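Fold and contact review
Spelled out, the chains give:
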Amino acid sequence: MKRLTVEPYKEYAKTAFYSIHFENVELCETDRFIEQFSQSEAHQDDLQIIKAWIEKMGNEKGALERYFRPERNASAIPIDVSSLRLYCLRLSDEIVILGNGGEKTSQAVQDSPDAYPTFLDMNNLYRVIKESIRRGNTLKEGKYLTGRLEFEIND
Amino acid sequence: MSKLFDSIEVRDEIKRFVDNSVDVVDQIYAILERQGKTQRDLAGLLDKSESEVSKWLTGTHNFTIKSISKIEAVLGEKIITTPMTSQQEFKLMLEKATRIWQSRNSLYHKVPVKVQHTKYLVITHVEHKQYGSMHVEKEKSLSLVA
C-alpha cells in the first residue's frame, strides 16, 4: 500500500486544484510530472497548454464535466495535440485533484508503460476518496476539501 | 502552492490557442443545447465515432477551418465569427431598429431584434425640449439589452 496526502495545489476564482503527495517523496505528483516533462524540449508546448487550460478552467469556466476526458473512473486533462496525459479526478465544478501523467503511446492505456502507473494511481484514489466522501469523512465545501485527506491506495 | 507550476511561462500564442479552442467548443455545445441535440447526434451527423467527437469537444483540439465549416454545415449555424463581421451585423441591427423607431414616430420604444440566434432588446429614447415655440430634439440614445 502507498500512503498519500491530498494537498492544495493552485486556487483560482472558480476552481481549486489539489495534488497528491506520496509519503517519503519530495515533490507532489503534479510537480513530479512537470519536473519530468520540462526537461524535454518536445513537451514544452504541451506543458504550456496544460497550464493555460488549467488557468482557463480555474479563472473563467469552472471544471465543467464536458472539458474532461473520462479514463475509466479518473479523467485526463486532454492534450489533444500530443500523446501527453495528465491524470486527475474531477470531484465537482470547483474541485479537481491533479495527479501525475505520462505519454500515452498506445490505444489502450494498459500498453503505455509511462502513463499506466499514474492512470492506476488516480483510479485507485477515486475508489477510496469517493468512499470517504460517501461516509462523510471527506467533505466538499465549495472549492475546499476538508476532513480526511490522507489515504492509502494499492501499489 | 506550486513554484514549478508557476515557473511555466505560457506563450501568448498558446494562451490564444486554448482560449480559441475552448470558445469554439462552448459555441458548439450552446448550439447543440439550443437544438436539443447531443454529442452523439453530432457524431452521427458528421459520420464520426462518438469518442472522436468527444475528443474534439474537450477544449484543446486543434480545429481546422475545414472541420469547423463541416460542423457549421451539419448544424446549420455559424460557430465562429470575426470582429469585422460582428461589427457589420451590429450596424445592420441598429439600422433596422432605427428604421422601426422612426416609422413609429414615438419618443420611447423597445424594439426586439434577433441576431445570430440571440435576441436583443433595442431601447430607443429621445428627449425633447420646448424653447418658446421652438421644439428641439435634444438627445437621442440607443441602448441594447441582450
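Please read all numbers here as calculations on a predicted model, not as lab measurements.

Each partner contributes residues to the interface: chain B has 26 residues there, and chain A has 28 residues. Across the interface of chain B and chain A, roughly 2,600 Å² is buried in total on both sides, 63% from carbon and sulfur atoms. Summed over the three residues of chain B that lose the most area to chain A, namely Phe5(B), Thr58(B) and Thr60(B), the buried surface amounts to 26% of that side. On inspection of chain B and its partner chain A, the count reaches five salt bridges. Residues Lys61(A) and Asp26(B) are paired through a salt bridge, measuring 2.6 Å at the closest nitrogen-oxygen approach. Applying the counting rule to chain B against chain A returns 10 residue pairs in polar contact (both at pLDDT 80 or more). Of all elements in the fold, only helix 1 (3-7) and helix 2 (12-35) of chain B reach the threshold of two or more residues within the side of chain B that touches chain A. It is helix 2 of chain B that provides the largest number of residues to the side of chain B that touches chain A, a total of 10 residues. Along the lines of polarity and charge, the residues of the side of chain B that touches chain A split into 12 nonpolar, six polar and eight charged.

Turning to the pairing of strand 9 (residues 150-153) of chain A, a few remarks are in order. All names here are of chain A. Of the two faces of strand 9, only the one carrying Phe151 and Ile153 is buried; Glu150 and Glu152 on the other face are not. Bridging between strand 1 (residues 2-11) and strand 9 involves four bridges; their strand directions are antiparallel. Considered in strand 9, the bridge of arginine 3 is made with glutamate 152.

Residue and element names in this part refer to chain A. Across its 18 residues, helix 2 (residues 44-61) extends 24 Å between first and last C-alpha, which sits within 8% of the 26 Å expected from 1.5 Å per residue. Residues of helix 2 that are buried: Asp46, Leu47, Gln48, Ile49, Ile50, Lys51, Ala52, Trp53, Ile54, Lys56, Met57 and Gly58. Downstream of helix 2 by one or two residues, glycine 62 has phi in the positive range, about 80 degrees.

Our next topic: the confidence of the model for chain B. Counting all residues, the mean pLDDT for chain B is 81, and 68% of those residues have values of 70 or more. Taken together, the chains of this predicted complex give a pTM of 0.82 and an interface ipTM of 0.90.

Residue and element names in this part refer to chain B. Of all the residues in helix 3 (residues 39-46), the buried ones are Gln39, Leu42, Ala43 and Leu46. In an axial view of helix 3, the angular spread of the buried residues amounts to 100 degrees, which keeps them on one side of the axis. For helix 3, the exposed residues set more than 90 degrees away from the buried face come down to Arg40 and Gly44. Those residues of helix 3 that are buried are in contact with helix 2, helix 4 (50-56) and helix 5 (65-75). Positioned one or two residues after helix 3, aspartate 47 has a phi angle of 60 degrees, which is positive.

With that settled, consider the packing of aromatic side chains. Residue and element names in this part refer to chain A. On inspection of all chains with the given rule, the structure shows seven aromatic pairs over all chains. A centroid spacing of 5.2 Å and a plane angle of 80 degrees characterise the contact between tryptophan 53 and phenylalanine 68, whose relative ring orientation is edge-to-face. With tryptophan 53 in helix 2 and phenylalanine 68 in the loop between helix 2 and strand 3 (69-71), the pair connects residues that are 15 residues apart, well separated along the chain. Taking relative accessible area as the criterion, phenylalanine 68 reaches 6% and is therefore assigned buried. Ring geometry for tyrosine 116 against phenylalanine 119: centres 5.8 Å apart, planes inclined by 20 degrees, an arrangement best described as stacked. Here the residue tyrosine 116 and the residue phenylalanine 119 both occupy positions in helix 3 (residues 116-134), the gap between them amounting to three residues, near one helical turn. On the accessibility criterion, phenylalanine 119 (2% relative accessible area) is buried.

Each value, and the rule that gives it
- Residues numbered from 1 in each chain as written.
- Chains lettered and ligands numbered in written order.
- Predicted model: local features only at pLDDT ≥ 70, side-chain atom pairs only at ≥ 80, totals over all residues.
- Heavy atoms only, no water.
- Contact = heavy atoms within 4.5 Å.
- Buried area = accessible area lost by both parts, 1.4 Å probe.
- Salt bridge = Lys/Arg side-chain N within 4 Å of Asp/Glu carboxyl O.
- Polar contact = N/O pair within 3.5 Å; in protein donor to acceptor, adjacent residues only side chain to side chain.
- Helix = DSSP H or I, 4+ residues; strand = E, 2+ residues; numbered from the N terminus.
- Nonpolar A, V, L, I, M, F, W, Y, C, P; charged D, E, K, R; others polar.
- Buried < 20%, exposed > 50% of the residue type's maximum accessible area, 1.4 Å probe, protein only.
- Pairing = 2+ DSSP bridges.
- Expected span 1.5 Å × (residues − 1).
- pLDDT = per-residue confidence, 0-100.
- Arc of directions from axis to C-beta.
- Phe/Tyr/Trp six-rings, centres within 6.5 Å; stacked < 30°, edge-to-face > 60°.

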